[in-house]
Each structure stands twice: as structure tokens, then as C-alpha cells.
Amino acid sequence: MHPMTLRQWALDGKIPFTWVGRERRFPSVDVENMKRGSDSSTSRPRLELLYVRVSGSSGQESSLEAQEAELRAASTGEIVKVVRDRGSGLKENRPGLNRVLAMVADGSVTVVRVTHEDRLARFGVSWLKRLFAVYGVTVEVLHPKKLGGRDELLEDFVSLVTTFAGRLYGMRSAENRKRLLAESGQCGTEGGAA
């Protein structure tokens with residue numbers, strides 16, 4: 001296989017890789033699966049699952065719609081299903097992600113497509129890609145990361161800090177609401193007893 005082919009697959013998000021210094025390293029299992037997939041692509045229909053996700057539990061409908069529209073516009077096969085999910089990319093047990101895993105396992109799709117890799121998961125996407133490859137399913141990322149080494153590590157760190165800060169502020173907000181409700185309830189009973 002020509003190295004340029006591997007580089008293009010990496011840029012297209014079709015094959016996972018890791019950076020070792022300034023060079024990409026590709027798992028041999030994934031290379032073999034991609035080679036088989038490219039040989040049999042004409043006989044196997046392209047059945048796409050579009051996965052869109054937002055972190056918040058409410059609102060952000062426009063973001064879900066924008067992700068879906070972008071994926072639909074770039075589609076080159078039959079769109080079997082659009083899975084919408086709400087929840088942190090760090091959360092492993094998301095209902096939408098569970099539906100994606102079930103459809104990959106039962107052979108309903110041949111391609112899972114996302115706008116950005118972190119829509120699928122904040123960490124561990126390479127593991128998901130390898131799992132999907134076992135079922136003959138590829139993951140396509142519309143806007144793949146073009147980082148490596150230190151830049152990628154820094155981006156991961158910022159993602160972690162952002163996620164945990166959001167959770168912390170959410171917990172504080174919930175605690176403050178409970179405190180305010182408790183105080184308003186106490187004031188009402190004390191005022192009524194006087």
C-alpha cells in the first residue's frame with residue numbers, strides 16, 4: 001500500500017493513527033480492514049448512520065440541526081438513521097451512543113459519520129473505530145483534527161478542564177437553588193407562624 005493512501009485515509013478520518021514524534025503510526029489490523037473494505041466497496045452498499053450530539057440537556061436544537069444538515073449535504077450513500085444525542089462526550093452510557101453501538105453490531109450500517117471526532121466521544125475514539133472495524137464499519141469525520149503531539153495534548157487538557165468546570169458550575173447552581181428554595185420555604189413558615 002502506498003504511504004500517500006494511508007495519509008489520505010488518516011486526513012479523511014477513515015483510519016485511526018497515533019503520532020510518534022512527527023510520524024503517524026497505523027495499527028496493522030486497521031490497515032488490513034481498510035484494504036479489505038476498499039476491495040469490496042463496490043459490492044457492499046454504503047449505509048450511513050449520522051450521529052449528532054450536544055453537551056447540554058436542553059436547548060441547542062440549532063446545533064443539532066446544523067450538524068445534521070452538514071452531514072446530509074456531504075452524504076454519498078443511503079442515510080439509514082440519524083441519531084441525536086444529548087450529554088457530555090465523557091459520559092460513556094449515552095442513549096444515542098448505545099443505539100449507534102447496537103446498529104453497528106447488528107450490521108444495519110456500514111459507515112458512522114460525525115462532524116467532529118469529539119461528537120462521538122471526548123476520548124477513546126480510536127477504540128470505537130477499532131471496535132466498529134471488527135464489524136466492517138468505518139467512522140468518517142467530516143472535519144478531522146490535524147493536530148499532533150503537544151497541540152493535541154493541550155487540546156485534550158483544555159477539553160477536560162472545560163468539561164469539569166461546566167459540571168462544577170452546574171453542581172453549584174443546583175446547590176444554590178436548593179438553598180434558596182429552603183430559605184424561602186423557611187421564611188414563609190416563620191412569617192406565617194408570627
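In what follows, the structure referred to is the one given above.
Heads up: these notes are all about the structure in this document. (Residues numbered from 1 in each chain as written. Predicted model: local features only at pLDDT ≥ 70, side-chain atom pairs only at ≥ 80, totals over all residues. Heavy atoms only, no water.)

Quick look at the side chain of E48
Right, so step 1: With respect to the helices, strands and loops of the structure, E48 is situated in strand 3 (residues 47-54).
Right, so step 2: For E48, a relative accessible area of 0% gives the class buried.
Right, so step 3: There is a polar contact of 3.2 Å between the side chain of E48 and the backbone nitrogen of T76.
Right, so step 4: Every residue in contact with E48, bar those within four places of it in the chain, is listed here: S75, T76, G77, E78, I79, V80, K81, V109, V111 and R113. (Helix = DSSP H or I, 4+ residues; strand = E, 2+ residues; numbered from the N terminus. Buried < 20%, exposed > 50% of the residue type's maximum accessible area, 1.4 Å probe, protein only. Polar contact = N/O pair within 3.5 Å; in protein donor to acceptor, adjacent residues only side chain to side chain. Contact = heavy atoms within 4.5 Å.)

So, the packing of aromatic side chains
Right, so step 1: Per the stated rule, a full pass over the model turns up two aromatic pairs.
Right, so step 2: When the centroid spacing of 5.8 Å and the interplanar angle of 80 degrees are considered together, the rings of F17 and W19 count as edge-to-face.
Right, so step 3: Accessibility expressed as a relative area gives 23% for F17, which makes it partly exposed.
Right, so step 4: Judged by centre distance (6.0 Å) and plane angle (50 degrees), the ring pair of F17 and F26 falls under tilted.
Right, so step 5: Judged by its relative accessible area of 21%, F26 falls in the partly exposed class. (Phe/Tyr/Trp six-rings, centres within 6.5 Å; stacked < 30°, edge-to-face > 60°.)

Observations concerning the packing of helix 4 (residues 95-105) against helix 6 (residues 125-134)
The axes of two packed helices give the description: the angle between them and the distance between them.
Right, so step 1: Interhelical geometry of helix 4 versus helix 6 gives an angle of 30 degrees and a closest axis separation of 9 Å. If you check the angle between helix 4 and helix 6, you find them roughly parallel. Where helix 4 crosses over helix 6, the two elements pack in a sense that is right-handed. Within the contact between the two elements, helix 4 uses V100, L101 and V104 and helix 6 uses L128, L131 and F132. (Axes fitted to C-alpha atoms, helices over the stretch in contact; angles between N-to-C directions. Parallel < 35°, antiparallel > 145°, perpendicular 65-115°, else oblique. Left-handed = near helix turned anticlockwise from the far one by under 90°.)

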